[in-house]
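Coordinate analysis (summary)
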Amino acid sequence: QVQLVESGGGLVQAGGSLRLACASSGNVGRIRRLGWYRQAPGKQRELVASVTEGGDTNYADSVKGRFTISIDNADDTGILQMNSLKPEDTAVYYCNVDFHIHKRDYWGQGTQVTVSS
């Protein structure tokens, strides 16, 4: 059984930073693709950033230059470093992981990020 657990969310003032982590457990192995998504109240879930095992990254225009996504292959942990946070970044953030050994992807339970002005 695969489990993803996000951590690192919280309340921060505008301009501050947070580092989200997505820890995997169970029968996982290497990560093929990691994605971070977010969902604000009343809005659809949107892709924030993604990265492949080869290092190809993709960022939403709204976070380019402020967020950095990465994979720590030592322990198969997904990272989202968020700098220069804005109130509009407030949302529940979810990680989504595609592992080599599985035919489906997995979602974490989400972590709340709140940015105050």
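This section reports on the structure supplied with the text. Think of each chain on its own: its residues are numbered from 1, step by step along the sequence as written. At least 70 in pLDDT is required for a residue's local features to be given in this predicted model, at least 80 for side-chain atom pairs to be given and counted, and no such filter applies to totals for whole chains, interfaces and linings, which use all residues. The side-chain numbers reported here are obtained from all heavy atoms of the structure, hydrogens and water having been left aside.

**Some thoughts on the state of the cysteines**
To keep things clear, this is the line we draw: Cysteine sulfur atoms are paired as a disulfide whenever they fall within 2.5 Å. Strands are runs of DSSP state E lasting at least 2 residues, helices are runs of H or I lasting at least 4, and numbering of each runs from the N terminus. When accessible area is computed with a 1.4 Å probe and restricted to protein chains, residues below 20% of their type maximum are described as buried, those above 50% as exposed, and intermediate ones as partly exposed.
Throughout the structure, instances matching the rule amount to one disulfide. Disulfide partner of Cys22: Cys95, at an S-S distance of 2.1 Å. One disulfide, between Cys22 and Cys95, carries an S-S torsion of 60° and so falls in the right-handed class. With Cys22 in strand E3 (residues 18-25) and Cys95 in strand E9 (residues 91-99), this pair connects stretches of sequence that are 73 residues apart. Cys22 gets classed as buried once you look at its relative accessible area, which sits at 2%.

**Brief notes about the side chain of Arg66**
Condition: Any N or O atom pair separated by 3.5 Å or less is treated as a polar contact, with the protein-specific requirement of one donor-capable and one acceptor-capable atom, and with residues adjacent in sequence counted only for side-chain atom pairs. Contacts are assigned to residue pairs that have any heavy atoms within 4.5 Å of one another.
In this fold, Arg66 is placed in the loop between strand E6 (57-59) and strand E7 (67-72). Looking at Arg66, its side chain comes within polar contact range of the main-chain oxygen of Ser62, at 2.8 Å. A polar side-chain atom of Arg66 sits 2.9 Å from the main-chain carbonyl oxygen of Ser84. Apart from the residues lying within four places of it in its own chain, the contact partners of Arg66 are Gln81, Met82, Asn83, Ser84, Leu85, Lys86 and Asp89.

**Details of the packing of aromatic side chains**
The geometry of an aromatic ring pair comes down to the distance between the two centres and the angle between the two planes. As a reminder of what qualifies: Pairing of aromatic rings covers Phe, Tyr and Trp, the last counted by its six-membered ring, and requires centre-to-centre distances within 6.5 Å; plane angles under 30 degrees mean stacked, over 60 mean edge-to-face, and any other angle means tilted. By the criterion adopted, a ring carries a charge over it if an Arg CZ or a Lys NZ lies within 6 Å of its centre and within 35 degrees of its normal.
The tally for this structure, following the rule as stated, stands at two aromatic pairs. Here the guanidinium or amino end of Arg45 rests over the ring plane of Trp107, the centre of that ring lying 4.8 Å away. The cationic tip of Arg104 hangs over the ring face of Tyr106; the distance from NZ or CZ to the ring centre is 4.0 Å.

**What to know about the nonpolar core**
Nonpolar side chains in soluble globular proteins generally cluster together in the buried interior. To keep things clear, this is the line we draw: Residue types Ala, Val, Leu, Ile, Met, Phe, Trp, Tyr and Cys, when buried and joined through side-chain atoms within 4.5 Å, form a set referred to as a nonpolar core.
Core analysis: the largest hydrophobic core is formed by 30 residues, its most contacted members being Leu34, Trp36, Leu80, Met82 and Tyr93. For this core, the secondary structure elements donating two or more residues are E3, strand E4 (31-39), strand E5 (46-52), E7, strand E8 (77-82), E9 and strand E11 (111-116). A per-element tally of this core places E9 first, with five residues. Ignoring anything within four residues of it in the chain, the contact list for Leu34 reads Ala49, Ser50, Val51, Ile69, Ser70, Ile71, Gly78, Ile79, Cys95, Asn96 and Val97.

**Observations regarding the sheet that holds E7**
Within a sheet, each strand pairs with its neighbour through backbone hydrogen bonds, oriented either parallel or antiparallel. Filter applied, for reference: The pairing criterion is simple: DSSP has to find at least two bridges between the two strands. To obtain an axis, a line is fitted to C-alpha atoms, over the contacting stretch when the element is a helix, and the angle between two such axes runs from 0 to 180 degrees between their N-to-C directions.
Spatially, E1-E3-E8-E7 is the arrangement adopted by the four strands of the open sheet, whose pairing is antiparallel. Lying at the two open borders of the sheet, with one neighbouring strand each, are strand E1 (3-7) and E7. Taken over all neighbouring pairs, the strand axes of this sheet differ in orientation by 15° on average, direction set aside. Where E1 meets E3, five bridges bridge the pair, whose relative direction is antiparallel. Following the sheet pairing, Leu4 is matched in E3 by Ser24.

**Describing the pattern of salt bridges**
The following threshold applies: By convention in these notes, a salt bridge is any Lys or Arg side-chain nitrogen within 4 Å of a carboxyl oxygen on Asp or Glu.
Going through the model one piece at a time under the given rule, you end up with five salt bridges. When the shortest N-O distance is used, the salt bridge between Asp89 and Arg66 registers 2.8 Å. In this pair, Asp89 sits in the loop between E8 and E9 while Arg66 sits in the loop between E6 and E7, placing the two residues 23 residues apart along the sequence. Exposure class is identical for Asp89 and Arg66. Each is buried. Members of the salt-bridge network, linked through shared partners, are Arg38, Glu46, Arg66 and Asp89.

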